[in-house]
Structures are given as C-alpha cells and as structure tokens.
Amino acid sequence: MNRVAIVTGAARGIGASTVDALVNDGYHVIAVDRCRDIPEVPYALATPAELDAVVARHGDAVLGLVGDVRSATDMQLAVETATRHFGRLDAVVANAGVVAAGEALWEISDAAWDAVLSVNVLGTRRLIEAAAPTLIANGKDAQSRIVAVASSAGSTGLYHLAAYSAAKHAVLGLIRGVAMDLAPYGVTANAVSPGSTRTAILKASAVVYGLSSEEEFATQQPIGRLLEPTEIAAAIVWLCSPLASAITGADVAVDGGMTIS
Ligand SMILES: NC(=O)c1ccc[n+]([C@@H]2O[C@H](COP(=O)([O-])OP(=O)(O)OC[C@H]3O[C@@H](n4cnc5c(N)ncnc54)[C@H](O)[C@@H]3O)[C@@H](O)[C@H]2O)c1
C-alpha cells in the first residue's frame, strides 16, 4: 500500500520539489496551494496553472487542492480528501510560507506582520491540528510523520526580516512542543530549515536587501552557492520515511553551512 502525504505550498519551489520527491519514493500526495496572491505580500504567489502542472506530471499519484493554510476548513478538507481519495494519511508537510515587510521592526505595518505570522505559524498549526487525529489513529507503529519547513531565519536574526524571523522561530517552538504532545502516539514532528534556496521567496528577499540578483545570497553560505529546491526536498522526504523513526522535535539545517557559526 502506498504511503499518503499532504504537502502545502505545493505549486512551486520547495513544495513542488517535495511532491516530486515523495512520488519518486512511492507516495500518493494531496498537493495544496492557495494559488492566489495575498495583498500584504509584495510578490506574486503561485497560480492555478502552476499547481495543475505539478499534478499533471504525476498522473493519478497526485491530487491538487486549492486551499489556504490559515483556514481550518481548508486543512480539514485536505485531510478528508487524503483519506477519501487515497484511503489513508501518513505524513503532512507544512511548507507554505511567505516573506514580507523588508523594514525595521518598528516600521512594519500590522497587516504585513499579520500576513507573515499567520501563513507561517497559524498555517502550520492548522495543518497539524487537522491531521493529528488521523495520524494518531494510525497507531504507534505506523511511522506517521509531521514535517514543517522553517528557515535559517528560525535560529538567527536577519536584517529587515524581523517578522519572518519571529515567525520561523515560532515554527520551531511549535514543532518542539507538538513533538512532545505526539511522542506517546508514535507520531514524529520535525523541522527542516533551508538556507538560501533558488525560489520565488529568495527573489523577493533580494529586493528587500536591494540586491541586483538572488545569486548574491550565495556568498552567505560556506558552500558558496545557492541551494536547489530538490536538496531541501530530499531532507523532507527522508524525515517522512521510516528511516527517520528515532528523530523527533529536531531542526534539520539544510543550509550549506549558513548557521554553522
Ligand atoms: N527559498 C528560500 O531561500 C527559503 C529559505 C528558508 C525557508 N524557506 C521556506 O520554504 C518554504 C517554501 O518556500 P519557497 O522558497 O518554495 O517559496 P515559494 O514562494 O516559491 O513557495 C511558497 C508556496 O506557498 C504558497 N502559499 C503561500 N501562502 C499560502 C497560503 N496561505 N496557503 C497555501 N499556500 C500558500 C505559494 O503560493 C507558493 O506556491 C516557505 O515556508 C519558506 O519560508 C525558503
């Protein structure tokens, strides 16, 4: 029987790569994305066509679902769709995230602060709270998994990204807490913290810093290059797999050494 996962923010970037890698590992996947812009977020989010393209390259193994991670109803629907359409749910990947603001903390509007905190933190909570009863019901030996995508900004402070840093620190705290809540049930919860990865968010961050190109971020990482979404996806899929059975509450840095010191 194929394992089944839900991935949020799945229409492009790290989320789309995670869908690809999970399918390669034998999963069936519900690919969820908002597919619509958020006014306070200063760059375009994914389009319905991008989500359709992810689904199209996997045939029956992937079902697309337009939904917002901040909505309890939408996340509940994702869980119900997984169990109804594919018959089970083994893993959820809280990947959807946005970056906004690009100002000093005291200059950030309440609307931008709320957008960053709500998508990154509330969105992670909404997915987990919708999925937890099903993952617990799988039983202690079922290798049920939660993975959240945090960031190097979750363990460091970054210039003009205080809201994003606060949100990603909160994601790590949430994962550590829920790992304790779920440990008695055999469900693990971990975070993956990417460094600068070649996606739309990085392009938006380059604008925040007034850089001519996102390539300039490569120098922040000891390995001297940007990361590819496939490199983050590989760690996510490993944490979803039975191989990671002894790991819970961990923050796995996939950052080319950015947070070594
Ligand atoms: N790219 C990097 O350098 C980097 C570094 C560290 C962490 N991250 C994190 O990786 C994750 C994936 O980002 P990415 O780099 O692939 O960027 P991205 O912008 O390409 O992908 C994010 C996806 O999430 C979707 N999304 C946004 N808000 C949503 C919502 N409310 N509900 C549902 N879907 C929503 C977007 O439409 C988009 O498809 C994010 O959590 C981000 O914070 C990225």
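In what follows, the accompanying structure is described. (Residues numbered from 1 in each chain as written. Predicted model: local features only at pLDDT ≥ 70, side-chain atom pairs only at ≥ 80, totals over all residues. Heavy atoms only, no water.)

### Let's talk about the pattern of salt bridges
And step 1. Counting across every chain of the model gives 11 salt bridges.
And step 2. A salt bridge links Arg 198 to Glu 215, with the shortest nitrogen-to-oxygen separation between them at 2.3 Å. Of this pair, Arg 198 sits in the loop between β6 (188-194) and α6 (200-208) while Glu 215 sits in the loop between α6 and α7 (229-240), and the two are 17 residues apart along the sequence.
And step 3. Taking the relative accessible area as the measure of exposure, Arg 198 reaches 34% and is therefore partly exposed.
And step 4. Residue class for Glu 215 comes out partly exposed when judged on its relative accessible area of 40%.
And step 5. For the salt bridge of Glu 228 with Arg 198, the shortest nitrogen-to-oxygen distance reads 3.1 Å. Note that Glu 228 is positioned in the loop between α6 and α7 and Arg 198 in the loop between β6 and α6, a separation of 30 residues in sequence.
And step 6. For Glu 228, a relative accessible area of 31% puts it in the partly exposed group.
And step 7. Several salt bridges converge on common partners, so that one network encompasses Arg 3, Arg 88 and Asp 90. (Salt bridge = Lys/Arg side-chain N within 4 Å of Asp/Glu carboxyl O. Helix = DSSP H or I, 4+ residues; strand = E, 2+ residues; numbered from the N terminus. Buried < 20%, exposed > 50% of the residue type's maximum accessible area, 1.4 Å probe, protein only.)

### Remarks on the nonpolar core
And step 1. If you look at the biggest cluster of nonpolar residues, it comprises 52 residues, and the most contacted ones within it are Ile 6, Leu 89, Val 92, Ile 146 and Ile 175.
And step 2. Ranked by residue count, the leading element in this core is helix α4 (residues 110-137), at 11 residues.
And step 3. Listed in part, the 32 residues of the second largest apolar core include Cys 35, Ala 91, Val 192 and Leu 239. (Core = buried A, V, L, I, M, F, W, Y, C linked by side-chain atoms within 4.5 Å.)

### So, the site of the ligand
And step 1. The environment of the ligand is made up of 30 residues, and the closest members are Asp 33, Asn 95, Tyr 164, Thr 197 and Thr 199.
And step 2. Here Asp 33 contributes a side-chain N or O atom positioned 2.6 Å from an oxygen atom of the ligand.
And step 3. In the environment of the ligand, an oxygen atom lies 2.6 Å from a nitrogen or oxygen atom belonging to the side chain of Tyr 164.
And step 4. When the ligand sits alone it has 830 Å² of accessible area, and the protein chains cover 98% of it.
And step 5. At the level of secondary structure, the elements contributing two or more residues to the shell around the ligand comprise α1 (13-24), α5 (162-182) and α6.
And step 6. In terms of residue count, α6 provides more of the shell around the ligand than any other element does, three residues in total.
And step 7. Of the residues belonging to the shell around the ligand, the class tally is 14 nonpolar, 10 polar and six charged. (Near = heavy atom within 4 Å. Polar contact = N/O pair within 3.5 Å; in protein donor to acceptor, adjacent residues only side chain to side chain. Areas by Shrake-Rupley, 256 points an atom, 1.4 Å probe, with all protein chains shown as cover. Nonpolar A, V, L, I, M, F, W, Y, C, P; charged D, E, K, R; others polar.)

Take it as geometry only, folks, not as evidence of what the structure does.
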